[in-house]
Amino acid sequence: MTLPSLVETAAGPSGPRVRASLRGTEVVLAGLALAAFVVLAVTTGGNLVEPATLRAVFQFLAVPMVIGLSQMVVLAVGQMNLSVGVLTGLTAVAAAALMADRGWPAWLAVLAALVLGLVVGLANGLLVVLTRINGFIITLATMTIISGVRYGINGTGTYQGYSDGLVSLGRASVLGIPTVFLAAVVVAVLVWLFFARAVRGRQLLASGGNPLAARLSGISNDTSLVIAHALSGLLAGVAGVLVLALSGSVNASIGDDLLLPSFAAPIIGGVALAGGVVSVLGTCLAAFIVRLVDVAQAQYNINPRWVDLVVGAVVLGAVLLSQKRIGRGGT
Amino acid sequence: MRLIATDLVKVFPGVRALDGVTIDLRPGTVHALLGENGAGKSTLIKILTGVHKPDGGTLRLVPDGWQAPGDAAGGAGGRELHFGGPADAQLAGIGVVHQERNLVPAFSVAENIALQRMPRSRGLVDRAAVRRLAQGCLAELEVELDLDRPVAELSVAQMQLVEVAKALATDSRLLLLDEPTSALTSEESDHLYAVVRRLRDQGRIVVLVSHKLEEVFAVADTVTVLRDGRSVARGLALGNLTRSQVVDLMVGRAHADIELGARSVDPRATPALELEAVSTAGGHRDVSLVVRPGEILGLYGLVGAGRSELARAVLGLDTITSGRLLVGGRPVTIGSVGQALREHRIGYVTENRKEEGIFLEQTVSRNVTVTVWDRLARWGVVRDRSEDTVLARYVDRLGIRLSGPRQLAGQLSGGNQQKLSLAKWLAADCAVLIIDEPTVGIDVRTKAAFHELIAELAEGGLAILLISSDLPEVVTLADRIAVMRDHQLVGEVDNDHHYTTMSGRVIRLVHGESQESGAAEAGASETGAPETGTLETGAPRPGVPAA
Amino acid sequence: MPDTTTSTASQAEPEAPAPAPVDQRRRGLPWWANPRVGLVAVVVALVAIFSGLRPSFLDVDLTLVPMQADITVFVVVGLAQLAVLSLGHMNLAVPRMAALSAFAAGFTYDKLHAPLVVGLLAALLVGTLVGALAGGIITWTGVNSFVVTLALDFGLLGLVALLYSWFTSGVAFSLHPDGMDALRSDTFNDYCAGPICGPPVPLVVPIAVVALVVVGVLFRFSRLGREILMCGSNARAALLSGIPVSRRVIQAHALSGLLCGLAGWLLAINNGAFSASVGENFLLPSFLAPVLGGTLLAGGAVSVVGTLLGAILNSVIQKGLNLLQFEVDQLQIYIGVVLLVALSLDRVRHVLADRRGVRP
């Protein structure tokens, strides 16, 4: 058949060994990550395993991890969210402004950032459900608006010294492990718990996997969509807080370069774009691998543009591979 | 519980789908629901499961142990049911096992079974309880399945069992199985039948909707037969019936024989389309057919017998693995619909009018001229006026009613849409026309007009392959009738246009019944009617046009 | 015996003489639901407001000429998206297809010293090839168009940056071919035949007009365009009507790529530089213009005139707010809100159309 996409029905199992292939992907990714790490460590003459370098590797893994999860949450219900990157920037800048300009205590500003992310995500979800328009287009529009608001807060100015406490906490380590990375791991575990154990999480996956079956089982697919978008916004808020804690200075350009990583991590991690299947571990491992590409670029002084090309090509390849797999396994 | 539906009526625009259906479903029985296509089975199922609301009649639920005085034939008593939606039917204890699988592929067996009532504690899934619930349901069915396996990894038969278990998880007292074995091997079917019997022995009601008579006789206890929206047999005990009697009930008798098929076809003329021992990737084996110019070959069979798929193989949409395809006497290979149309003048009027036949959001005139733009184009430009000229030709000839050439196809009635989807092939000047289920969902008057039209086209020299599950239609129109079963031709008969004899011969071919049973003529009412059953014989068929 | 021949209303009617053909869109929906009418009204109102607040809004050299050049680019960008919206597809790689095409043009100028037209052809060719590649991947794998083009956009993003870093010393080609600067800054007013001079219209404008006419004729009259629309309307029915659906999908994406190439080249001319940043702001306008103009996201119906109006609206808002000294960021907010409102109107039109049984 020359037109598989036109003939297949929306509902019904796609037939492949979903779970098995997912585990396979995770194992492959883990092996790949390990191998890349070892190769990189050896070829840089052990530079990579120096405590300082290692700390930097994991410190700057935190944000890509969380942002990848943020995208994964909406992919779970078969949606996309183009606004995750700029929303991360907005929450970071907004919280910095609250601390620096309004003198809010750090904890309150952090809370405000999280609430802001949640509210924007909720708005995305409601717009998608109310207009019944592709989430991609909706979030394209909200992305533009958010990015305008993000610049509107402080123009091109930079906030520094908004909270010494928060920044020193962000740069601290516990038992040699950076706190921001720990925070990202905690978030990942929570997201995993949500999808693996929580009733809501399972309902989200049911909506993504087979909307018809979900509806007949009394699950509201609209509710699932709204919750997924809201959660995605909340995670973008978390990523914003991590940026805030890690960098010590924030400006309106934050988040512009996060869109590609946000898709790269879940897609390479084996998350089905059609929805219904997530992999927290795969997403985190993929984020780690992308991070290693960054590290390699820095270590070997390669043109940073290679990273985009390589990651883009890998993402395209991952999409094609997953589709071929489904195509072959189909009923 | 016992479910009694009395005098159900359901009217759709242009069609009276149910016209007085009474069915009495008693606990501890497997009740078969039979009827040819269009008899009203699916409408009845949708009413029982709360998808449709009936326009007349009642649904009553009689609790176990209820014994009203003088309630022998299911008279008054019990609670009247009014379903607002599928959820209400579920609450009332009615579970459905659909033909399309309603499972979440990535979820485990246990979770799919428990999906409708996910056991939870403080927002988390209580996994132990999920497993217990699923295990309990599977144990009731005496089925062994790995609870943790994703259903995507299961076979179709196992998925079916998961669906049955899923219905049990909501405490369904009545289970509706809609063509449950259509995708199963015979071994898997036997297993399912064992499960069905077990459900019956637990005191549940199982309603089995099936085309397969052998299956019905193997597992069902009682049968209700629908014909033209009426229940012509109500709860007869199958033990007292023969297959032939059931077939006669489904077909009905007392038909005016129809005079539409009297055409003279030259049997020596070069066939317009010929299949020589064709096998396909879709599973057809050694299919041989001949259609001559001016002839209508009826291709009859049950849904799923592979008739439309055969048409699609001819059009190059499925691969022909062996055998030859001849058009006008010359062997050809066809790779696409475009090639079939432009090089071999073969057209295909699809059965799924709305999904594949017409373009609802496009204008009427584009819907008709889509096949001839290459001919209308001058320097690649198609003028609206030349389109309208083509359209005008068929508006008159086919009697299409529209307000103008710019009307959108979606605004036309079903019959006019069907004419539209035929017109585009006439416009393309086809020599061979494969017409697939032309009158499904079309009201009686339009149907008669359509039959005359098809006969006229054949008289005009077109070779027509008429795929239809509507036996009266085939007998009315065809010169010869080929019968297909399980992707193979099981026979071909010359049509003598006498409905009574033809229908018997054809249906026996379909069900693999070779012996001609004369006893059936006596009717089931003498031999078979059990105490609660009633039987209507000789109801006039409103669906057959009198020519 | 109950009446078994209940007919639908239309069939029960006595045979009426067929009324004259009426445009269903206009007959079936209220005038305000026609996006073209609304767009004209909004554009007129905005022009009145802006010129009232800032008379310089009507200044030819300061505003009107540069605005025409902007519109030229946005129209072509909108058409690039429209070409695939006709199928019900999307092209998220519009920005990078434009960037890669602009690179190709710049390369031929800088390294091969090619004349202006050759560079344009190179841009069109590269755009077409990349677009066809996208279409090919979509038909071959059956993956959703927006996923394929999104991934393609990522890949091209890196590729374009790398190409510039390999072939230029900085981030842009420095050599300009003959005629480029004239094309960039001149208007027909600069060319006089005796005492009569042309109107104050930039030289690039006719290029967009040609693109509009060609795309308009293609979808309105040609077999190819009509068949693409049929595929967008109902792909299965198209396949079973003998339309080679896969080929049409690839052709529509190739057309989209071609128009991306044209848009990239035009923007580079307007900016006076062939650089990696060409096209980076194309994605939103590419949806804005056709969607505002009434092109359906679902496919099967396009409006070329609407796309022109949508592009004009976009430019009027940008220039007007710019003159009122709004910052770039506020501009973005308004543009985003405009798109959201347009999308919601699209939804309202759908609901209305459903209720009245006509196409929006």
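Residues numbered from 1 in each chain as written. Chains lettered and ligands numbered in written order. Predicted model: local features only at pLDDT ≥ 70, side-chain atom pairs only at ≥ 80, totals over all residues. Heavy atoms only, no water.

## Quick notes on the confidence of the model for chain C
All names here are of chain C. What counts is decided by this rule: Confidence of the predictor in every single residue is expressed as pLDDT, which spans 0 to 100. In this text, helices come from DSSP runs of H or I with a minimum length of four residues, and strands from runs of E with a minimum of two, each type numbered from the N-terminal end. Every residue pair with non-hydrogen atoms within 4.5 Å of one another is taken to be in contact.
On average, residues of chain C score 82 in pLDDT, and 88% of them are at 70 or above. Mean pLDDT in chain C bottoms out at helix H1 (residues 9–12), which sits at 33, and peaks at helix H12 (residues 245–271), which reaches 94. The model gives residues 1–27 a pLDDT under 50, and that stretch makes 49 contacts with residues more than four places away or in other chains. Model confidence for the complex: the whole-complex pTM is 0.78, and ipTM, which rates the interface, is 0.78.

## So, the pairing of strand E10 (residues 205–209) of chain B
Residues and elements named next belong to chain B. Rules: Only protein chains enter the accessibility calculation, which uses a 1.4 Å probe; a residue is then buried when its area is under 20% of its type maximum, exposed when over 50%, and partly exposed in between. What makes two strands pair is DSSP finding at least two bridges between them.
Within E10, 5 of the 5 residues are buried, leaving the element largely enclosed by the surrounding structure. Where burial is concerned, the two faces of E10 agree: the one with Ile 205, Val 207 and Val 209 and the one with Val 206 and Leu 208 are both buried. Bridge count for strand E3 (residues 29–34) against E10 is 5 bridges, and the pairing is parallel. From the neighbouring strand, Ala 32 faces E10, where its bridge partner is Leu 208. For strand E9 (residues 174–178) and E10, the ladder comprises 5 bridges, and the chain directions are parallel. Note that in E10 the partner of Leu 174 across the bridge is Ile 205.

## Digging into the interface of chain C and chain A
So the rule is basically this: As a working definition, buried area equals the accessible area (1.4 Å probe) given up by two parts on being put together, with both sides summed. The salt bridge definition used is simple: a Lys or Arg side-chain nitrogen within 4 Å of an Asp or Glu carboxyl oxygen. Counting of polar contacts relies on pairs of N or O atoms within 3.5 Å, with two restrictions inside protein: one atom must be capable of donating a hydrogen and the other of accepting it, and residues adjacent in sequence are counted only when both atoms are side-chain atoms. The nonpolar class holds Ala, Val, Leu, Ile, Met, Phe, Trp, Tyr, Cys and Pro. Asp, Glu, Lys and Arg form the charged class, and all remaining residues, Gly among them, are polar.
Listed as interface residues are 42 residues of chain C and, on the opposing side, 44 residues of chain A. Where chain C abuts chain A, roughly 3,700 Å² becomes buried across the two surfaces, and 81% of that area is made up of carbon and sulfur atoms. Its largest share of buried area at the contact with chain A, chain C owes to Phe 154, Leu 162 and Leu 340 of chain C, together 15% of the area lost on that side. At the boundary of chain C and chain A, one finds 0 salt bridges. Where chain C touches chain A, the interface holds 0 residue pairs in polar contact (both at pLDDT 80 or more). At the level of elements, helix H6 (116–141), helix H7 (145–167), helix H11 (235–240), H12, helix H13 (283–292) and helix H15 (328–356) of chain C are the ones that each hand at least two residues to the side of chain C that touches chain A. Of the residues forming the side of chain C that touches chain A, the biggest block, 15 residues, is contributed by H7 of chain C. Grouping the amino acids of the side of chain C that touches chain A by side-chain chemistry returns 29 nonpolar, 10 polar and 3 charged.

## Quick notes on the sheet that holds strand E21 (residues 480–485) of chain B
Adjacent strands of a sheet pair through backbone hydrogen bonds, lying either parallel or antiparallel. Residues and elements named next belong to chain B. Quick reminder of the rule: Lines fitted to C-alpha atoms define the axes, with helix axes restricted to the stretch in contact, and inter-axis angles between N-to-C directions lie between 0 and 180 degrees.
Strand order in the open sheet formed by 6 strands is E18-E19-E20-E15-E21-E22, and the pairing between neighbours is mixed. Taken across any chain shown, the strands that pair with only one partner, and hence form the sheet edges, are strand E18 (346–349) and strand E22 (488–494). Neighbour-to-neighbour, the strand axes of this sheet turn through a mean angle of 20°, independent of strand direction. Alignment of E18 against strand E19 (residues 432–436), held across 4 bridges, turns out to be parallel.

## Observations regarding the pairing of strand E16 (residues 320–327) of chain B
Residues and elements named next belong to chain B. Bridge count for strand E13 (residues 273–280) against E16 is 6 bridges, and the pairing is antiparallel. Of the residues in E16, the one forming a bridge with Leu 273 is Val 327. Here E16 pairs with strand E17 (residues 330–332) via 3 bridges, running antiparallel. Each residue of the ladder has a partner; that of Leu 326, found in E17, is Pro 331. Taking the residues between adjacent antiparallel strands as the criterion, E16 and E17 are bridged by 2 residues, where Gly 328 takes a positive phi near 60°.

## Section: the environment of Leu 331 of chain C
All names here are of chain C. The residue Leu 331 is located in helix H15 in this model. Measuring from C-alpha to C-alpha, the distance between Leu 331 and Gln 318 comes to 6.6 Å, with 13 residues separating the pair along the chain. For Leu 331, the residues in contact, after removing those within four places along its chain, are Ile 317, Gln 318 and Leu 321.

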